[in-house]
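Listed below are the residues making up each chain.
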Amino acid sequence: ESQVFELEQKLKSMSRQNKLLENYENFSSSKVLAKVVAWDSVGSQRMIRLNKGINDGVSLQSSVITHRGLVGYIYRLTDNFSDVLTILDSNNKVDAIIERTRSHGILEGTMDNFCRMKYIKRRDPIILNDIVLTSGLGNIYPKGLRVGRVVQIERQSFGISQKIKVKPAVNFSKLEDVIILNSGDALKVQAEWSQLEKK
């Protein structure tokens with residue numbers, strides 16, 4: 001029974017990983033499948049640790065995603081592990097757009113496991129459930145990754161911007177398998193630095 005259960009879990013894991021790869025076939029980046037092995041020590045789910053590192057070809061500032069959307073980016077590396085700064089962290093700034101209106105803003109995490117989108121013009125006709133995507137600016141996240149959806153809008157009669165609350169597309173409390181998208185530019189820069197260090 002124990003062996004059957006173990007095999008069933010492996011099949012479920014492989015199914016999840018295949019689904020991940022199928023969703024991002026069109027991305028030219030090299031892809032590394034990884035598993036979440038730890039959350040940050042305070043349990044706020046703003047930083048996670050993955051079981052892949054430098055030895056697996058992972059590079060700094062690579063995007064981390066699931067089939068649902070954006071998780072964050074690699075901000076720290078060891079030979080066998082990598083740490084991810086998730087979009088729930090206020091230190092992670094994501095250049096994003098509203099899919100329907102193409103309104104541009106900066107997304108950052110909040111203390112309540114949501115995100116807020118800043119610098120959206122007050123007159124832009126944002127509505128509830130609008131989809132938020134990565135804009136492709138900033139040299140970290142590829143364009144078009146799903147970030148989340150709008151769940152709250154605050155417009156004031158003064159000022160030039162509106163406050164947008166975004167629910168992440170990824171369910172961080174159930175996060176297990178992810179894909180690391182190694183951008184060609186990041187790998188090239190890493191190789192250049194390695195050559196300089198040798199000199």
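Provided above is the structure to which this section pertains.
Residues numbered from 1 in each chain as written. Predicted model: local features only at pLDDT ≥ 70, side-chain atom pairs only at ≥ 80, totals over all residues. Heavy atoms only, no water.

Counting secondary structure elements, the protein contains two helices and 12 strands. Walking the protein from its N terminus toward its C terminus, one meets helices and strands in the order α-β-β-β-β-β-β-β-β-β-β-β-β-α. Within the protein, buried positions represent 39% of all 199 residues. Taking as baseline every contact in the protein between residues at least 6 positions apart, the subset at least 24 positions apart corresponds to 56%. Taken as a whole, the protein presents about 11700 Å² of accessible surface, with 50% of it coming from carbon and sulfur. (Helix = DSSP H or I, 4+ residues; strand = E, 2+ residues; numbered from the N terminus. Buried < 20%, exposed > 50% of the residue type's maximum accessible area, 1.4 Å probe, protein only. Contact = heavy atoms within 4.5 Å. Areas by Shrake-Rupley, 256 points an atom, 1.4 Å probe, with all protein chains shown as cover.)

Right, let's get into the sheet that holds strand β8 (residues 115–121). Sheet strands pair via backbone hydrogen bonds, and the direction of the pair is either parallel or antiparallel. Strand order in this closed barrel of six strands is β6-β7-β8-β11-β10-β9, and the pairing throughout is antiparallel. Taken over all neighbouring pairs, the strand axes of this sheet differ in orientation by 40° on average, direction set aside. In this structure, strand β6 (residues 94–98) lies alongside strand β9 (residues 131–134), joined through three bridges in antiparallel fashion. Bridge pairing in β9 places I98 opposite V132. (Pairing = 2+ DSSP bridges. Axes fitted to C-alpha atoms, helices over the stretch in contact; angles between N-to-C directions.)

Attention now moves to the sheet that holds strand β1 (residues 30–39). Read around the barrel, six strands follow the order β1-β2-β5-β4-β3-β12 and close on themselves; strand pairing throughout is antiparallel. The sheet shows a mean angle of 40° between the axes of neighbouring strands, taken without regard to direction. Inspection of the sheet shows strand β2 (residues 47–50) paired to strand β5 (residues 82–86) by four bridges, in the antiparallel sense. When the sheet's bridge partners are listed, I48 is paired in β5 with V84.

Tracing the backbone through its elements, the reader meets G138 in the loop between β9 and β10 (146–154). With 43 residues separating them in the primary sequence, G138 and D95 have C-alpha atoms 6.7 Å apart.

With that settled, the discussion passes to the pairing of β5. Within β5, five of the five residues are buried, which leaves the element mostly enclosed by the surrounding structure. The two faces of β5 match: S82, V84 and T86 on one face and D83 and L85 on the other face are all buried. Bridge count for strand β4 (residues 70–77) against β5 is five bridges, and the pairing is antiparallel. Considered in β5, the bridge of G72 is made with T86. Hairpin connection from β4 to β5: four residues lie between these consecutive antiparallel strands.

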